[in-house]
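Coordinate analysis (summary)
Spelled out, the chains give:
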Amino acid sequence: MIQSHRHSVGTLVALTLASLWLGGCSGPREDVRVSFCKELVKTRVEAPASLRWTSAETHPRGRSGLSVVLGFEEQGAAGPGRPRQATCHYGYDAVEDTAMTLSDPLSAYATSPETMTIDGEPLPRPVLAESIKNAMIQQGKALLDRARQGVEDATGMAREWIETGKGN
């Protein structure tokens, strides 16, 4: 009886950890600089939920930096809005070439932009700093939501597993 209970608890813990781990991994993704630039754009538009991304390009220029150029439209009641563009400029951040920078050249650049323009207009440094702070807060909230969902999913699986008698 005690051995069976330990086995059940161990299985429950394993299910919970697996759900948390899998919840944090959703497969291949775009580069963090591209996704962070998108998050920054969302902090600067009126209706972030209505954004439709039309393009995403990266332009690495070695030690001169990296430009991430995003095309987007804000969807409105009247349909798609006018085409817009945002550009985030990232500084070169690698001390030397490593296997990582050779296999993933964008990893040589900082993960927070030095400057940003929207429709050709540069964001002032204090506005960019506020946008970076807000984007990081939103990313943190999203991470916590995914973790919470993973725990809820694991709890549901464990409850179902126990209720069906497989935990005995």
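The structure under discussion appears in the preceding block.
Now for a look at the structure at hand. Predicted, not measured: the structure shown is a model, and the values here were computed from it. (Residues numbered from 1 in each chain as written. Predicted model: local features only at pLDDT ≥ 70, side-chain atom pairs only at ≥ 80, totals over all residues. Heavy atoms only, no water.)

Looking at the side chain of Lys38
- Topologically, Lys38 is positioned in helix H2 (residues 32-44).
- Excluding residues that lie within four positions of it along the chain, Lys38 makes contacts with Glu30, Trp53 and Leu70. (Helix = DSSP H or I, 4+ residues; strand = E, 2+ residues; numbered from the N terminus. Contact = heavy atoms within 4.5 Å.)

Points about H2
- Over its 13 residues, H2 runs 19 Å from end to end, which matches the ideal 18 Å to within 8%, given 1.5 Å per residue.
- Among the residues of H2, Arg33, Val34, Phe36, Cys37, Lys38, Glu39, Leu40 and Val41 are the ones counted as buried.
- Lining the buried residues of H2 we find strand S1 (51-60), strand S2 (66-76), strand S4 (84-90), strand S5 (115-118) and helix H4 (125-163). (Expected span 1.5 Å × (residues − 1). Buried < 20%, exposed > 50% of the residue type's maximum accessible area, 1.4 Å probe, protein only.)

As for the nonpolar core
- Among the nonpolar cores identified, the biggest contains 24 residues, and Leu40, Val41, Val68, Phe72, Tyr90 and Met116 are the most heavily contacted of them.
- Those elements giving two or more residues to this core turn out to be H2, S2, S4, S5 and H4.
- Considering every element that reaches this core, the biggest residue donor is H2, with five residues. (Core = buried A, V, L, I, M, F, W, Y, C linked by side-chain atoms within 4.5 Å.)

Thoughts on the layout of surface pockets
- Looking at the largest pocket, its volume works out to about 360 Å³.
- Every residue lining the largest pocket is counted, 13 residues in all, and those nearest its centre are Arg29, Ser35, Glu39, Gln139 and Arg146.
- Those elements giving two or more residues to the lining of the largest pocket turn out to be H2 and H4.
- Residue composition of the lining of the largest pocket, grouped by class: four nonpolar, three polar and six charged. (1 Å grid on protein atoms, 1.4 Å probe; cavity = no way out; pocket = protein on both sides within 12 Å on 5 of 7 lines; lining within 4 Å. Points joined across faces, edges and corners; volume = space filled by probe spheres on them. Nonpolar A, V, L, I, M, F, W, Y, C, P; charged D, E, K, R; others polar.)

Some thoughts on the pairing of S1
- As judged from the nine bridges shared by S1 and S2, these two strands associate in the antiparallel manner. Bridged to His59 within S2 is Ser67.
- The turn linking S1 back onto S2 is made up of five residues, and Gly62 within it adopts a positive phi angle of 60°. (Pairing = 2+ DSSP bridges.)

Let's talk about the packing of aromatic side chains
- A full pass over the atoms with the stated rule returns two aromatic pairs.
- Summarising the aromatic geometry, the rings of Tyr92 and Tyr109 are spaced 5.4 Å apart at their centres and angled 80° between planes, so their arrangement reads as edge-to-face. Of the two residues, Tyr92 sits in the loop between S4 and helix H3 (99-103) while Tyr109 sits in the loop between H3 and S5, which places them 17 residues apart along the sequence.
- For Tyr109, a relative accessible area of 4% gives the class buried. (Phe/Tyr/Trp six-rings, centres within 6.5 Å; stacked < 30°, edge-to-face > 60°.)

Quick look at the environment of Tyr92
- Judged by relative accessible area, Tyr92 falls into the partly exposed class, the value being 23%.
- The contacts of Tyr92, once residues within four sequence positions are left out, are Gly62, Arg63, Gly65, Asp97, Ala108 and Tyr109.

Let's talk about the state of the cysteines
- Enumeration over the complete set of coordinates arrives at one disulfide.
- With a sulfur-sulfur separation of 2.1 Å, Cys37 is cross-linked through a disulfide to Cys88. On the S-S bond that ties Cys37 to Cys88, the torsion sits near 85°, and the link is right-handed. With Cys37 in helix H2 and Cys88 in strand S4, this residue pair connects regions lying 51 residues apart in the sequence. Pair check on accessibility: Cys37 and Cys88 agree, each one buried. (Disulfide = S-S within 2.5 Å.)

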